[in-house]
Amino acid sequence: MSDQATTVIPVTGTQPSENYDVYVGHNLLGTIPEILGKRTQRVLVIHPRALRSTGELVMEQMRTAGFEAYSAEIPDAEEGKHIQVAAFCWQVLGQNDFTRTDAIISVGGGAVTDLAGFVAATWLRGVRVIHIPTTLLGMVDAAVGGKTGINTAEGKNLVGAFHPPAAVLCELGVLRTLPQHELLTGMAEVIKCGFIADPVILDLIEANPGKIRDSQSEVVRELIERSIRVKAEVVSEDLKESGRREFLNYGHTLGHAIEHAERYQWRHGAAVAVGMVFAAELSLAAGYLDEATVERTRAICAALDLPITYPADRWPKLLETMRRDKKARGNMLRFVVLESLGKPRIYEVPDDSILFMTYQEIAA
């Protein structure tokens, strides 16, 4: 594959409005006018403060392409995922007379795509949004799938909607500016895809320790494309998480609780890494998984400098937060576990003591 080739990965739904493409490659902004079509007059570019210059570049390119382009600069990271920030974006849309044929473009990481998607889902009960994820995490996870959300004091992503984008543009060149730590924490979602669906991902990571740390390597591109294909296949089958899509939450039940406990100062991927080790240990405790796969989980995460433990005294608070998780049903806590490599399942935990004992395996 040449460096300039663009990979197009389709995501399909039960109706035409849920169909879209994920583009992976270089110089992708030129595809936006064709995606939006001639009826679109206005675009709102939502970007975080840290990506002001990138947001302005996208806005200028949209103006050059003939659109009226506006900007909404929001706080960085999870600070942007609040109702007050959504209200600010709605205000910008209203003041500039955005109609249902107009569109939103998000530029940023997973927090930005979550917020922009939520704004798009709620403005006039739904306008189109194109995501331009600028982090590895955004490319392989947040931007693909149509999940949108904002945080509340009670937990992460408890308010949101399912709203498939019009397209996702994974511009690989932007990963050059990504700090090494962010590249590696983003790899947690890639690892997750390896354990639940595509074990070749794990083989590639283990065989290429150096290239994993180079965002422009062909190995990283292959990992991105494989992870997107895993998510695209699952989402195409189950947009609204009524069945198989739940498997994408492997490692996330405890992971989200850790993020909440850390007041969102931990990177999402770091929290998910701990969550995956916990889920692997829970799979073992439930009698599903073998010890070797649990150890492989620890080894792969540790090799990428991802955390695999969490303080022992935090358990009561974590349990309380998990009870509010979207995946809970009544008083029953539900976890995605593994029966074997590439074979996830839902485990309804019959007793909190099982969770407590499992937590001791990861407690620092």
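Because the structure is predicted, anything quoted here is derived from the model rather than measured.

What counts, and where the lines are drawn
- Residues numbered from 1 in each chain as written.
- Predicted model: local features only at pLDDT ≥ 70, side-chain atom pairs only at ≥ 80, totals over all residues.
- Heavy atoms only, no water.
- Helix = DSSP H or I, 4+ residues; strand = E, 2+ residues; numbered from the N terminus.
- Rg over C-alpha atoms; globule rule 2.2 N^0.38 Å.
- Buried < 20%, exposed > 50% of the residue type's maximum accessible area, 1.4 Å probe, protein only.
- Contact = heavy atoms within 4.5 Å.
- Areas by Shrake-Rupley, 256 points an atom, 1.4 Å probe, with all protein chains shown as cover.
- Lys, Arg positive; Asp, Glu negative; His and termini not counted.
- Charge placed at Lys NZ, Arg CZ, Asp CG, Glu CD.
- Core = buried A, V, L, I, M, F, W, Y, C linked by side-chain atoms within 4.5 Å.
- Axes fitted to C-alpha atoms, helices over the stretch in contact; angles between N-to-C directions.
- Parallel < 35°, antiparallel > 145°, perpendicular 65-115°, else oblique.
- Left-handed = near helix turned anticlockwise from the far one by under 90°.
- Nonpolar A, V, L, I, M, F, W, Y, C, P; charged D, E, K, R; others polar.
- Expected span 1.5 Å × (residues − 1).
- Arc of directions from axis to C-beta.
- Phe/Tyr/Trp six-rings, centres within 6.5 Å; stacked < 30°, edge-to-face > 60°.
- Pairing = 2+ DSSP bridges.
- Polar contact = N/O pair within 3.5 Å; in protein donor to acceptor, adjacent residues only side chain to side chain.
- Salt bridge = Lys/Arg side-chain N within 4 Å of Asp/Glu carboxyl O.

Tell me what's going on with the overall build of the protein chain, and back it up with residues and numbers.
For the protein chain, the helix and strand inventory stands at 13 helices and eleven strands. Taken over the C-alpha trace, the protein chain has a radius of gyration of 20 Å; the compact-globule value for 364 residues is 21 Å, and the two agree within 12%. Within the protein chain, the proportion of its 364 residues that are buried is 55%. For the protein chain, long-range pairs separated by at least 24 residues make up 74% of all intrachain contacts whose partners lie at least 6 apart in sequence. Accessible surface, the protein chain: about 14,800 Å² in total, of which carbon and sulfur atoms supply 51%. Positive and negative charge centroids in the protein chain, built from 37 and 46 side chains respectively, lie 5 Å apart.

Before we move on, can you summarise the nonpolar core with the specific residues and values?
Residues Val22, Ile191, Ile205, Leu223, Ile224 and Tyr250 are the most contacted members of the largest nonpolar core, which totals 54 residues. Among all residues touching tyrosine 250, those that are not within four sequence positions of it are Lys192, Phe195, Ile196, Val272, Met276, Ala279, Ala280, Val336, Val337 and Leu338.

How would you sum up the packing of helix H12 (residues 315-322) against helix H13 (residues 352-359)? Please name residues and give values.
Relative to each other, H12 and H13 sit at 130°, their axes nearing to 11 Å. When the interaxial angle is binned, H12 and H13 end up oblique. Read as a crossing pair, H12 and H13 show a hand that is right-handed. Here H12 contributes Trp315, Leu318 and Leu319 to the contact with H13, which in turn contributes Asp352, Leu355, Phe356 and Tyr359. Among the residues forming the contact of H12 with H13, the class breakdown is six nonpolar, no polar and one charged.

Explain helix H3 (residues 83-95) residue by residue, including any values.
Its 13 residues give H3 an end-to-end C-alpha distance of 18 Å, which sits within 8% of 18 Å, the value for a rise of 1.5 Å per residue. Those residues of H3 that sit buried are Val85, Ala86, Cys89, Val92 and Leu93. Angularly, the buried residues of H3 cover 115° about the axis, an arc narrow enough to put them on a single face. Exposed and oriented more than 90 degrees from the buried face of H3 are Gln84 and Gln95. Of the surrounding secondary structure, the elements contacted by the buried residues of H3 are strand S3 (42-48), strand S4 (68-74), strand S5 (103-108) and helix H4 (110-122). Aspartate 97 sits one or two positions beyond H3 and adopts a positive phi of about 60°.

Describe H12, naming the residues involved and giving the relevant values.
Since there are 3.6 residues in each turn of an α-helix, residues three or four apart along the chain are aligned in direction. Those residues of H12 not exposed but buried are Trp315, Leu318, Leu319, Thr321 and Met322. The buried residues of H12 occupy an angular sector of 160° when projected down its axis, which confines them to one face. In this structure, the buried residues of H12 make contact with helix H9 (252-261), helix H10 (268-285), strand S10 (334-340) and H13.

Describe the packing of aromatic side chains, and please don't skip the residues or the numbers.
All chains considered together, the criterion is met by seven aromatic pairs. When the ring of phenylalanine 278 is compared with that of tryptophan 315, the centres are 6.2 Å apart and the planes differ by 35°; the resulting orientation is tilted. Here the residue phenylalanine 278 occupies a position in helix H10, and tryptophan 315 occupies one in helix H12, the gap between them amounting to 37 residues. Each member of the pair, phenylalanine 278 as well as tryptophan 315, is classed as buried. Plain terms: the ring middles of phenylalanine 278 and phenylalanine 335 are 5.8 Å apart, the flat faces sit at 50° to each other, and that makes the pair tilted.

Explain the sheet that holds strand S9 (residues 167-171) to me, using residue names and the numbers behind them.
Read across the open sheet, the seven strands follow the order S1-S2-S9-S6-S5-S3-S4; overall the sheet is mixed. This sheet does not close on itself; its edge strands, each paired only once, are strand S1 (7-11) and S4. Pairwise comparison of adjacent strand axes, ignoring direction, gives a mean angle of 20° for this sheet. Two strands pair when backbone bridges link them, and S3 and S4 are joined in this way by seven bridges, in the parallel orientation. Residue pairing for S4: valine 45 is matched across the bridge by serine 71. Together, S3, S4, S5 and strand S6 (128-133) form the strand contacts of helix H2 (residues 52-64), whose direction differs from that of S3 by roughly 170°.

Talk me through the side chain of histidine 163; I want residue IDs and the actual numbers.
Position of histidine 163 relative to the elements: it lies in the loop between strand S8 (155-162) and S9. Classification of histidine 163 as buried rests on a relative accessible area of 14%. Side-chain polar atoms of histidine 163 contact the backbone oxygen of valine 127, separated by 2.7 Å.

Please provide a residue-by-residue account of the pairing of S5, values included.
Among the six residues in S5, six count as buried, and that is most of the element. By the alternation rule, side chains of S5 split into Ala103, Ile105 and Val107 and Ile104, Ser106 and Gly108, which are all buried. One ladder, built from four bridges, connects S3 with S5; its direction is parallel. If you follow isoleucine 46 over to S5, its bridge partner there is serine 106.

Outline the pattern of salt bridges, supporting the account with residue identities and numerical values.
On inspection of all chains with the given rule, the structure shows 29 salt bridges. Measuring nitrogen to oxygen at the nearest pair gives 3.2 Å for the salt bridge that ties arginine 213 to aspartate 305. Note that arginine 213 is positioned in the loop between helix H7 (200-207) and helix H8 (218-237) and aspartate 305 in the loop between helix H11 (291-303) and H12, a separation of 92 residues in sequence. Residue arginine 213 is classed as partly exposed on the basis of its relative accessible area, which comes to 28%. Two residues, glutamate 262 and arginine 314, come together in a salt bridge whose shortest N-O distance is 3.2 Å. Pair noted here: glutamate 262 is in the loop between H9 and H10 and arginine 314 is in the loop between H11 and H12, with a separation of 52 residues, a long-range link. Taking the relative accessible area as the measure of exposure, glutamate 262 reaches 19% and is therefore buried.

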